[in-house]
Amino acid sequence: MSKRSHRSVPALGAGAGAERPTVTVCRGCCCGTPRIPGLDHAAQLRDLRKTVGGAATVRGTDCLDACGRANVVVIQPSATGRRAGARPVWLGLVNDRDAVVDIVAWAASGGPGVTDPPGTLGLYAFSPSRRVRTELDE
């Protein structure tokens, strides 16, 4: 159930002007919780930050309201990617190490609009509801 009306979620476009992509990791009501057994959520975020280095900004955020697809990660394009027409890419069910490795590789190579994603990331991609996109001011 959506808790959107009860709390404010930062706009995903906040870092869009940067010359590097931004990787936003949901850590709200379902993502980052025991709902996904066998996954060390803190380690997942720590690994993303450590392995992506300075190639991208990695941040955690509150609920992105796509709970049925926990864990959710959004890769926002750099300014260069935006100029090329790229939009944020939403990935769901990011619950294994291979997905994190592919996310890091894509962000390090420039992200949306700069390079194509590794083929397997297409399996995780989804489009959030129009309401969520509107509320997040994409």
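Residues numbered from 1 in each chain as written. Predicted model: local features only at pLDDT ≥ 70, side-chain atom pairs only at ≥ 80, totals over all residues. Heavy atoms only, no water.

Help me understand the overall build of the chain in this model?
Within the chain, the secondary structure is distributed over four helices and five strands. Secondary structure elements of the chain, listed N to C terminal, follow the sequence β-α-β-β-α-β-α-β-α. A total of 138 residues make up the chain; the buried ones form 46% of that total. At a minimum sequence separation of 6, the contacts of the chain that also span at least 24 residues come to 73%. Summing over all exposed atoms, the chain offers an accessible surface of approximately 6,700 Å²; the carbon and sulfur share of this is 55%. (Helix = DSSP H or I, 4+ residues; strand = E, 2+ residues; numbered from the N terminus. Buried < 20%, exposed > 50% of the residue type's maximum accessible area, 1.4 Å probe, protein only. Contact = heavy atoms within 4.5 Å. Areas by Shrake-Rupley, 256 points an atom, 1.4 Å probe, with all protein chains shown as cover.)

What's the story with the confidence of the model for the chain in this structure? I'm lost.
Low-pLDDT portions of the prediction should not be read for the details of their coordinates. Here the chain averages 83 in pLDDT, and 84% of its residues register 70 or above. Ignoring residues within four places in sequence, the model shows residues 1-17, a span with pLDDT below 50, making 41 contacts including any to other chains. (pLDDT = per-residue confidence, 0-100.)

Quick question: what am I supposed to make of the sheet that holds strand 5 (residues 125-126) here?
Whether parallel or antiparallel, the strands of a sheet pair through hydrogen bonds between backbone atoms. The mixed open sheet is built from five strands, whose spatial order is 2-1-3-4-5. The open sheet has two edge strands with one neighbour each: strand 2 (57-61) and strand 5. Pairing geometry for strand 4 (residues 89-91) and strand 5, over two bridges, is antiparallel. Looking across to strand 5, one finds that Trp 90 is bridged to Phe 126. Sitting on the sheet, helix 1 (residues 41-52) touches strand 1 (22-26) and strand 2, and the angle it makes with strand 2 is about 165°. Sitting on the sheet, helix 3 (residues 97-108) is in contact with strand 1, strand 3 (73-76) and strand 4, with an inclination near 10° to strand 3. (Pairing = 2+ DSSP bridges. Axes fitted to C-alpha atoms, helices over the stretch in contact; angles between N-to-C directions.)

Just to check I follow, could you spell out the pattern of salt bridges for this structure?
Pairing between side chains of opposite charge can happen when the charged atoms of each approach one another. Under the criterion given, the structure shown has one salt bridge. The partner of Arg 83 in a salt bridge is Glu 19, and the shortest N-O contact between them spans 3.4 Å. Here Arg 83, found in helix 2 (residues 79-83), pairs with Glu 19, found in the segment before strand 1; they are 64 residues apart in sequence, far enough to count as distant. Considered together, Arg 83 and Glu 19 belong to a single accessibility category, that of exposed residues. (Salt bridge = Lys/Arg side-chain N within 4 Å of Asp/Glu carboxyl O.)

Would you mind going over the environment of Pro 117 with me for this structure?
For Pro 117, the position within the fold is in the loop between helix 3 and strand 5. Separated by 15 residues in the primary sequence, Pro 117 and Asp 102 place their C-alpha atoms 7.9 Å from one another.

Mind showing me how you'd approach helix 1 here?
Note on helix geometry: an α-helix contains 3.6 residues per turn, so any two residues three or four positions apart are oriented the same way. The end-to-end C-alpha distance of helix 1 is 17 Å, a good match for the 16 Å that 12 residues give at a rise of 1.5 Å each. Residues of helix 1 that are buried include every one of His 41, Ala 43, Gln 44, Leu 45, Leu 48 and Val 52, and no others. Those residues of helix 1 that are buried lie in contact with strand 1, strand 2 and helix 3. The N-capping residue of helix 1, defined by a side-chain oxygen 3.3 Å from the backbone nitrogen of Ala 42, is Asp 40. (Expected span 1.5 Å × (residues − 1). Polar contact = N/O pair within 3.5 Å; in protein donor to acceptor, adjacent residues only side chain to side chain.)

What should I look at first to understand unusual backbone geometry in this one?
It is generally the case that most residues other than glycine have a negative phi and that most peptide bonds are trans. In the segment running from Ala 70 into Asn 71, the intervening peptide bond is cis, with an omega of 0°. Mapped onto the secondary structure, Asn 71 falls in the loop between strand 2 and strand 3. Of note, Asp 65 is a non-glycine position whose phi angle comes to about 65°, a positive value. The residue Asp 65 is located in the loop between strand 2 and strand 3 in this model. Non-glycine residue Leu 93 carries a positive phi angle of around 60°. Assessed through its relative accessible area of 48%, Leu 93 is described here as partly exposed.

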